[in-house]
Amino acid sequence: MSDAALFSLDGEDVPFEPGETILQAARRAGRYIPHLCWHPDFAPHGSCRICTVKAGGRMVAACTVKAAPGLEVESDTEELNAQRKTLLQMLFIEGNHFCPSCEKSGNCLLQATAYEMGMEGPHFEEFYPARPLDASHPDILLDFDRCILCELCVRASREVDGKNIFAIAGHGIRTHLVVNSESGMLRDTDMAATDRAASICPVGVILPKRRGFVIPIGQRRYDEGTAADADRQEAS
Ligand code: SF4
Ligand code: FES
């Protein structure tokens, strides 16, 4: 392999293919860069900033910036991990993320990433939003208070299901997920439980009805390994 196809990640050489982002190449090399809004099946969105790394001295989102020959990237540093922890704390206080009563607990990427980063408490004042649940659909429940605005459901519905069921609306702190139907209710869409959008949510917003708490403790996705372990496993 020629030097032209290598960049450095925390001091170690990582090979990359033309067009690959820092995150993609790192992942292929078995190196974990924390991420929430990125998913291997979809174009990057660049909204959560958890994947922020220092590349060539600049703070960039590893999921959107392409790897380049000789680029020096720092990711697993005290400074960057502290920033990630703060971003996670902000996500936790902006929504109602009460893990002990959430059926996504143990299978939730937000929770697993917070564990990974050693987040012990939110440390900021909670917002306690009160966004109404949408339980109108026969098979799918929406709990908007847990949404981290990653747009994975928006992308999955549009790009895979060809349906355009979800959208993000509003500005600033009022930014929120909406259902694209005249009533705004999920029952008035053609969403099906088998849609990709029904199973893509990394947190506990889009949930199948009548299936809560079915996986025993100890067998949930992040019970055995960390977010990093699960990511490496998925990438291999
Ligand atoms: S509902 Fe889930 S997948 Fe959709 S934007 Fe919110 S967190 Fe992301
Ligand atoms: S994973 Fe890169 S910004 Fe969210």
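Scope of this entry: the structure provided in the associated data block. Note that the structure is predicted; figures quoted are calculated from it, not measured.

1. Re the overall build of the chain
When its secondary structure is counted, the chain shows five helices and nine strands. In the chain, the succession of helices and strands from N to C terminus is β-β-α-β-β-β-α-α-β-α-β-β-β-α. Each principal axis of the C-alpha atoms in the chain carries an extent, and together these give about 55 × 40 × 35 Å. A separation threshold of at least 6 residues defines the contact pool for the chain, and within that pool the share at least 24 residues apart is 63%. Looking at the chain as shown, the accessible area adds up to about 12100 Å², and 51% of this sits on carbon and sulfur atoms. Within the chain, the 34 negative side-chain charges are centred at a point lying 4 Å from the centre of the 24 positive side-chain charges.

2. Remarks on the side chain of Asn96
Checked against the element boundaries, Asn96 lands in the loop between α2 (78-94) and α3 (109-116). On the accessibility criterion, Asn96 (12% relative accessible area) is buried. For Asn96, the side chain forms a polar contact with the main-chain oxygen of Pro129, separated by 2.8 Å. Residues contacting Asn96, with those up to four places away along its chain left out, are Tyr128, Pro129, Asp145 and Arg146.

3. Observations regarding the site of ligand 1
Surrounding ligand 1, one finds 13 residues, the nearest of these being Cys147, Cys150, Glu151, Cys153 and Cys201. When each cavity is represented as a set of grid points, ligand 1 is found to reside in the second largest cavity. The class makeup of the residues in the shell around ligand 1 is 12 nonpolar, no polar and one charged.

4. Quick notes on the pattern of salt bridges
The final tally for this structure, using the stated rule, is 16 salt bridges. Arg27 is the partner of Glu234 in a salt bridge, and the nearest nitrogen-oxygen pair spans 3.5 Å. Taken together, the residues span a long stretch of sequence, with Glu234 in helix α5 (residues 227-235) and Arg27 in helix α1 (residues 22-28) at a distance of 207 residues. We classify Glu234 as partly exposed; its relative accessible area is 43%. Note on Arg27: relative accessible area 10%, which makes it buried. The closest approach of N and O atoms between Glu234 and Arg221, which form a salt bridge, is 1.9 Å. Of this pair, Glu234 sits in helix α5 while Arg221 sits in the loop between β9 (206-208) and α5, and the two are 13 residues apart along the sequence.

5. Some details on the layout of surface pockets
Considering only enclosed or pocket space, the largest pocket measures out at about 840 Å³ in volume. Those elements that place two or more of their residues in the lining of the largest pocket are β9 and α5. With four residues, the single largest contributor to the lining of the largest pocket is α5. When grouped by side-chain class, the residues that make up the lining of the largest pocket number 24 nonpolar, six polar and nine charged. One number sums up the size of the second largest pocket: a volume of about 270 Å³. Around the second largest pocket sit 13 residues that line it, and Ser47, Cys48, Leu91, Ile148 and Leu149 are the ones nearest its centre. Mapped onto the domain boundaries, the lining of the second largest pocket takes at least three residues apiece from domain 1 (3-76) and domain 2 (97-208).

6. Describing the environment of Glu151
Mapped onto the elements of the fold, Glu151 is located in the loop between β6 (140-142) and α4 (152-161). A sequence separation of 50 residues divides Glu151 from Cys201, and the C-alpha atoms of the two residues are 8.8 Å apart. Setting aside chain neighbours within four positions, we find Glu151 in contact with His45 and Ile168.

7. Description of empty space enclosed by the protein
Overall, the coordinates contain three cavities of 30 Å³ or more when judged by the stated rule. In this model, the largest cavity occupies a volume close to 90 Å³. Taken together, His97, Phe98, Cys99, Cys102, Lys104, Ser105, Cys108, Leu110, Gln111, Arg146, Val203 and Gly204 make up the lining of the largest cavity. Estimates place the volume of the second largest cavity at around 80 Å³. Lining the second largest cavity are 13 residues; nearest its centre among them are Cys147, Cys150, Glu151, Cys153 and Cys201. Of the residues belonging to the lining of the second largest cavity, the class tally is 12 nonpolar, no polar and one charged.

Definitions and cut-offs
Residues numbered from 1 in each chain as written. Chains lettered and ligands numbered in written order. Predicted model: local features only at pLDDT ≥ 70, side-chain atom pairs only at ≥ 80, totals over all residues. Heavy atoms only, no water. Helix = DSSP H or I, 4+ residues; strand = E, 2+ residues; numbered from the N terminus. Contact = heavy atoms within 4.5 Å. Areas by Shrake-Rupley, 256 points an atom, 1.4 Å probe, with all protein chains shown as cover. Lys, Arg positive; Asp, Glu negative; His and termini not counted. Charge placed at Lys NZ, Arg CZ, Asp CG, Glu CD. Buried < 20%, exposed > 50% of the residue type's maximum accessible area, 1.4 Å probe, protein only. Polar contact = N/O pair within 3.5 Å; in protein donor to acceptor, adjacent residues only side chain to side chain. Near = heavy atom within 4 Å. 1 Å grid on protein atoms, 1.4 Å probe; cavity = no way out; pocket = protein on both sides within 12 Å on 5 of 7 lines; lining within 4 Å. Sits in = over half its atoms within 2 Å of the grid points. Nonpolar A, V, L, I, M, F, W, Y, C, P; charged D, E, K, R; others polar. Salt bridge = Lys/Arg side-chain N within 4 Å of Asp/Glu carboxyl O. Points joined across faces, edges and corners; volume = space filled by probe spheres on them. Domains from an automatic or database assignment.

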